[in-house]
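Okay, here's what each chain looks like letter by letter:
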Amino acid sequence: MKVIYWSQTGNTQKMAELIAKGIEEGGKKAELVELGNISVNDLNDEKVIILGSPASGTEELEETQVEPFVQSLEGKIQGKKVALFGSWGWGEGEYLTNLEERIKSYGGEIVGESLSVMESPEGEDEAKCVEFGKLIAQQ
Ligand SMILES: Cc1cc2nc3c(=O)[nH]c(=O)nc-3n(C[C@H](O)[C@H](O)[C@H](O)COP(=O)(O)O)c2cc1C
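First things first, this report covers the structure right here in the doc. One numbering rule holds for all chains: residues counted from 1, following each sequence as written. pLDDT decides what is reported in this predicted model: residues at 70 or higher carry local features, side-chain atom pairs at 80 or more are listed and counted, and totals for whole chains, interfaces and linings draw on all residues regardless. The basis for every side-chain value is the complete set of heavy atoms in the structure, and neither hydrogens nor water enter the calculation.

## A closer look at the packing of helix 1 (residues 11-25) against helix 4 (residues 124-137)
Angle between the axes and distance between the axes are the two parameters that describe a pair of packed helices.
Alright, step 1. Axes here refer to lines fitted to C-alpha atoms; in helices the fit is confined to the stretch in contact. Angles between the N-to-C directions go from 0 to 180 degrees. Strands here mean DSSP runs of E at least two residues long; helices mean DSSP runs of H or I at least four residues long; both are numbered from the N terminus. Where helix 1 meets helix 4, the closest approach of the two axes is 6 Å, and the angle between their N-to-C directions is 50 degrees. The angle between helix 1 and helix 4 places the two elements in the oblique class. For the pair helix 1 and helix 4, the sense of crossing is right-handed. Across the interface between the two elements, K14, M15, L18, I19, K21, G22, I23 and E25 from helix 1 touch E126, C129, V130, F132, G133, K134, I136 and A137 from helix 4.
Alright, step 2. Under the grouping applied here, Gly and all other residues not named as nonpolar or charged are polar, the nonpolar ones being Ala, Val, Leu, Ile, Met, Phe, Trp, Tyr, Cys and Pro and the charged ones Asp, Glu, Lys and Arg. Grouping the amino acids of the contact of helix 1 with helix 4 by side-chain chemistry returns 9 nonpolar, 2 polar and 5 charged. Here roughly perpendicular refers to angles of 65 to 115 degrees, roughly parallel to angles under 35, roughly antiparallel to angles over 145, and oblique to all remaining angles. Should the near helix be turned counterclockwise from the far one by less than a right angle, the crossing is left-handed, whereas a clockwise turn marks it as right-handed. We call two residues contacting when some pair of their heavy atoms lies within 4.5 Å.

## Considering the pattern of salt bridges
Alright, step 1. A pair is scored as a salt bridge if a Lys or Arg side-chain nitrogen falls within 4 Å of a carboxyl oxygen belonging to Asp or Glu. According to the stated counting rule, one finds 10 salt bridges in the structure shown.
Alright, step 2. A salt bridge links E126 to K14; its shortest N-O distance comes to 3.5 Å. Remark: K14 occurs in helix 1 and E126 occurs in helix 4; sequence separation between them is 112 residues.
Alright, step 3. Exposure classes here rest on a 1.4 Å probe applied to the protein chains alone. A residue is buried below 20% of its type maximum, exposed above 50%, and partly exposed in between. Take K14: its relative accessible area is 22%, and that puts it in the partly exposed class.
Alright, step 4. In this structure, E67 engages R102 in a salt bridge whose closest nitrogen and oxygen atoms are separated by 2.8 Å. With E67 in helix 2 (residues 66-73) and R102 in helix 3 (residues 94-105), this pair connects stretches of sequence that are 35 residues apart.
Alright, step 5. We classify R102 as partly exposed; its relative accessible area is 22%.
Alright, step 6. Taken together, the shared-partner salt bridges connect K21, E25, E131 and K134 into one network.

## Description of the site of the ligand
Alright, step 1. Throughout, near means a residue has at least one heavy atom within 4 Å of the molecule or strand. Contacts to the ligand come from 18 residues, most closely from S7, T9, A55, S87 and G91.
Alright, step 2. Here N11 contributes a backbone N or O atom positioned 2.8 Å from an oxygen atom of the ligand.
Alright, step 3. Note that accessible areas follow from Shrake-Rupley with a 1.4 Å probe, and for residues the cover is restricted to the protein chains shown. Alone, the ligand offers 640 Å² of accessible surface; in the complex the protein occludes 81% of this.
Alright, step 4. Here the ligand occupies the largest pocket.
Alright, step 5. Going through the elements one at a time, helix 1 and strand 4 (81-88) are the ones with two or more residues in the shell around the ligand.
Alright, step 6. Class assignment of the residues belonging to the shell around the ligand gives a composition of 4 nonpolar, 12 polar and 2 charged. Each polar contact in these results corresponds to two N or O atoms within 3.5 Å; when the atoms are within protein, one needs to be able to donate a hydrogen and the other to accept it, and residues that are neighboring in sequence are counted only if both atoms are side-chain atoms. Lining residues are defined by having an atom within 4 Å of a point belonging to a cavity or pocket. Those points lie on a 1 Å grid over the protein atoms alone, cavities being sets where a 1.4 Å probe fits but cannot get out and pockets being open sets with protein on both sides within 12 Å along at least five of seven lines. Any molecule with more than half of its atoms within 2 Å of a cavity's or pocket's grid points is regarded as sitting in that cavity or pocket.

Such coordinate-based values are descriptive only and should not be taken to indicate function.
In C-alpha cells, the structure reads:
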C-alpha cells in the first residue's frame, strides 16, 4: 500500500511513518511516497488511496504539490476508498474536514475517520496513527 504524503516540517511525515508501521503490523506491505513523485495514474491498482497533508494557507492545502494532486483526483476516484490524515497547528483540523467533503464530492469513499493531530504526533496520537494504519490494512 502506498502512503502518499506531503510535509513541510516533518509532522505529517512522522504520521505517515507510523501509519506505514500500522499497515505492516496489519499484514500488508507499506511504501512511503512523497507527493511530487506520484500521479493519480499510478494508483489504479491501489485498493486505498492514502493521503497525508498538513494544514496550509488558511485552512487550505499547500498549493504547489498537494492542491494540484487533489484536483487531479476529480473524476478518477468514483467508488474508490480514500484514507486521509495530516497535521495542523491551530485550526483543529478544519482543513481536513474540508478535504474529506471534497473527496466525497469526487465520489471517493472515506476510510474510517480521517486522522488529524496537532503538530507532531506524540504519545496517544502516535498510537492513533498506528491503529489507523491497521484499519487501512483491513480494507
Ligand atoms: C504557511 C503555513 C500555513 C499554515 N496554515 C495553517 C492553517 O491554516 N491551520 C492550521 O491549523 N495550521 C496551519 N499551519 C500549521 C501547520 O499545519 C502545522 O505546523 C503542521 O504540523 C505542519 O505539518 P508538517 O510538519 O507536516 O508540514 C500552517 C503552517 C504554515 C507554515
